[in-house]
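Structure assessment
Spelled out from the first residue to the last, the chains are:
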Amino acid sequence: MSDRGARRGDSKSPAGGHGDEAGGRRQVVKFSFYRVDPAWRQLPVADREAGKDALVAAVDAFSGRLQVRSYSVVGMRGDADVLLWQIGERLEDIQALATEVMRTPLAPHLSMPYSYLAMTRKSQYVSPDEAEARLHLHPADSKYFFVYPFVKTREWYQLSLEERQEMMSGHITVGRKYPSVKLNTTYSFGLDDQEFVVSFETDEPADFLDLVMELREAKSSLYTLRDTPIFTCVSLGLRETLDTLGAPGDPVSASQAVGLQFDSDAWQRVAEESDVADGAAKMVYFAGEQVALVRFGERLYAVANRCSHANASLADGTVADGALTCPSHGSTFDLATGEPSCGPANRPLMTYAVRSEDGGIWLAQRTPVPGRKSAS
Ligand code: FES
């Protein structure tokens, strides 16, 4: 699973100022955990909304330079609320985004209790092809994200490469037993206090728990010096992430309301016929998930609203020729299949069964929930 560790004497000096490595260019990676001062919740609604709008606009302005994923940590920990996971080519872009965030009206109420800076690097413990692939992160569209800084004991680095390789091979073998958990290892040596930042994407938190528990039995675990704090994060669009901050007077969100009453066996009425114009998209909630409803001619389509590239809201995109184009970086998805026909997205969207009845638009799961009967 993991390629934690580094080998004495094999570090290469970057050929370029921003980290060229033989065979590819490294990425810079930043994990910024923000906390919102509780006093912010006492502001008038209009001021709070203006702060959120400005933060969303600031992040959107960097879409050409950084891939930014947003996560809510609300309810998961008491010392952080929001994670912005940033992936780019230059440290300066990371810094510029932080500056722009601090220029928003939300900034006087924001602190950054945790901040981890890292870069990608070829792993020495995997095959050359796999090592090459790790130079570039390809975030999944998973619902949950787990992050922690990681430090090995100095004794680890005194072991021979063969000893470390043997332990890491065992470690990797355990990881492969959990294919639902995707690992991203990034390196911080000299850049920040930790040696690595490891992050995991999955839709199955229980699989991640089992994986970590099993790895405690791996011999390599003896050489772990520190692997906390651990952050459990929920993937949402940035606007929705900020909405999870909540405040007195906020309406109960649609996702919360739907989540309380959802029955995955049933069709659910999610909108009125008149809500979706021809050639337009509308975001609705179904089973606690954001779904983009799209009308194209006589046909209605329903696909996951979060772009599989970097979570932008596809309901804000454009509809043409039976396809939906992401407003952030232009990925285009076939509405019938959810498959991307044009990148940078390279993974399909979830699609939903949709029908019109009694003046309303109804959705059901297209893929049966395991162990339950089909929706249609
Ligand atoms: S978020 Fe980048 S293409 Fe959609």
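Given the structure is predicted, the values throughout are model-derived calculations rather than measurements.

**Digging into helix H6 (residues 205–215)**
If you check which residues of H6 are buried, you get Phe208, Leu211, Val212 and Leu215. The buried side chains of H6 occupy one side of the element, clustering within an arc of 95° when seen end-on. Away from the buried face of H6 by more than 90 degrees, exposed residues Leu209 and Met213 are located. Looking at the buried side of H6, the elements it contacts are strand E7 (144–152), helix H5 (161–176) and strand E9 (196–202).

**Observations regarding the side chain of Asp81**
If you trace the backbone, Asp81 turns up in the loop between strand E4 (66–72) and strand E5 (82–88). For Asp81, which is buried and forms no salt bridge, the nearest opposite charge comes from Arg35, at a distance of 4.5 Å. Polar side-chain contacts of Asp81 include one of 2.8 Å to the backbone nitrogen of Val36. Excluding anything up to four places from it in sequence, Asp81 contacts Tyr34, Arg35, Val36, Tyr71, Ser72, Val73, Val74 and Leu245.

**Observations regarding the side chain of Ser235**
One can find Ser235 in strand E11 (residues 231–235). The class for Ser235 is buried, based on a relative accessible area of 2%. Among the polar contacts made by the side chain of Ser235, one reaches the side chain of Arg306 at a distance of 2.9 Å. When sequence neighbours within four positions are dropped, the list of residues in contact with Ser235 reads Ser70, Tyr71, Ser142, Lys143, Arg306 and Asn311.

**Concerning the nonpolar core**
Within the largest apolar cluster, 25 residues are counted, with the highest numbers of intra-cluster contacts made by Tyr148, Trp156, Val181, Val198, Phe200, Phe208 and Leu211. Secondary-structure elements contributing two or more residues to this core are E7, helix H4 (154–158), H5, strand E8 (182–187), E9 and H6. Residues Val56, Ile94, Leu110 and Met119 belong to the second largest nonpolar core, which totals 21 residues.

**Thoughts on the packing of H5 against H6**
Packing of H5 against H6 leaves a shortest axis separation of 10 Å and a crossing angle of 155°. Compared by their axis directions, H5 and H6 come out roughly antiparallel. At the point where H5 passes H6, the crossing takes the right-handed sense. Between H5 and H6, the contacting residues are His171, Val174 and Gly175 on the first element and Leu211, Glu214 and Leu215 on the second. For the contact of H5 with H6, the residue count by class is three nonpolar, two polar and one charged.

**Thoughts on the pattern of salt bridges**
Inspection of every chain in the model, using the stated rule, returns 16 salt bridges. Between Asp243 and Arg239 there is a salt bridge; the shortest N-O distance is 3.7 Å. A residue pair is termed a helical-turn pair when its members lie 3 or 4 positions apart in one helix, as Asp243 and Arg239 do in helix H7 (residues 238–243) at four residues. The shortest N-O distance in the salt bridge between Glu273 and Arg295 comes to 2.7 Å. Residue Glu273 is located in the loop between strand E12 (268–272) and strand E13 (281–286), and its partner Arg295 is located in strand E14 (residues 289–296); the two are separated by 22 residues in the primary sequence. Residue classification places Glu273 among the partly exposed residues on the basis of a relative accessible area of 25%. Look at Arg295 and you get buried, because its relative accessible area is 14%. Through salt bridges with shared partners, a single ionic network connects Glu49, Lys52, Asp53, Arg239 and Asp243.

**Observations concerning the packing of aromatic side chains**
Counting across every chain of the model gives 18 aromatic pairs. Where Phe200 meets Phe208, the ring centres are 4.8 Å apart and the plane angle is 50°; that geometry is what we call tilted. Here Phe200 falls in the buried class, since its relative accessible area comes to 1%. Aromatic rings pair up to connect Phe146, Tyr148, Phe150, Tyr157, Tyr187, Phe189, Phe196, Phe200 and Phe208 into one cluster. It is Lys152 that lies over the ring of Trp156; its NZ or CZ is 4.0 Å from the centre. A cation over a ring is seen here: Arg355 above Trp267, with NZ or CZ 4.3 Å from the ring centre.

**Quick notes on the sheet that holds E14**
Reading across the sheet, the three strands line up as E13-E14-E15 and stay open at both edges, with antiparallel pairing between neighbours. Because the sheet does not close on itself, it has two edges, and the strands there are E13 and strand E15 (299–304). Strand-to-strand twist of the sheet, defined as the mean angle between neighbouring strand axes without regard to direction, takes the value 30°. Relative to E14, E13 runs antiparallel, the two being bridged by six bridges. Counterpart to Ala281 in the pairing with E14 is Val294.

Thresholds, definitions, all that
Residues numbered from 1 in each chain as written. Predicted model: local features only at pLDDT ≥ 70, side-chain atom pairs only at ≥ 80, totals over all residues. Heavy atoms only, no water. Buried < 20%, exposed > 50% of the residue type's maximum accessible area, 1.4 Å probe, protein only. Helix = DSSP H or I, 4+ residues; strand = E, 2+ residues; numbered from the N terminus. Arc of directions from axis to C-beta. Contact = heavy atoms within 4.5 Å. Lys, Arg positive; Asp, Glu negative; His and termini not counted. Salt bridge = Lys/Arg side-chain N within 4 Å of Asp/Glu carboxyl O. Polar contact = N/O pair within 3.5 Å; in protein donor to acceptor, adjacent residues only side chain to side chain. Core = buried A, V, L, I, M, F, W, Y, C linked by side-chain atoms within 4.5 Å. Axes fitted to C-alpha atoms, helices over the stretch in contact; angles between N-to-C directions. Parallel < 35°, antiparallel > 145°, perpendicular 65-115°, else oblique. Left-handed = near helix turned anticlockwise from the far one by under 90°. Nonpolar A, V, L, I, M, F, W, Y, C, P; charged D, E, K, R; others polar. Phe/Tyr/Trp six-rings, centres within 6.5 Å; stacked < 30°, edge-to-face > 60°. Lys NZ or Arg CZ within 6 Å of the ring centre and 35° of its normal. Pairing = 2+ DSSP bridges.

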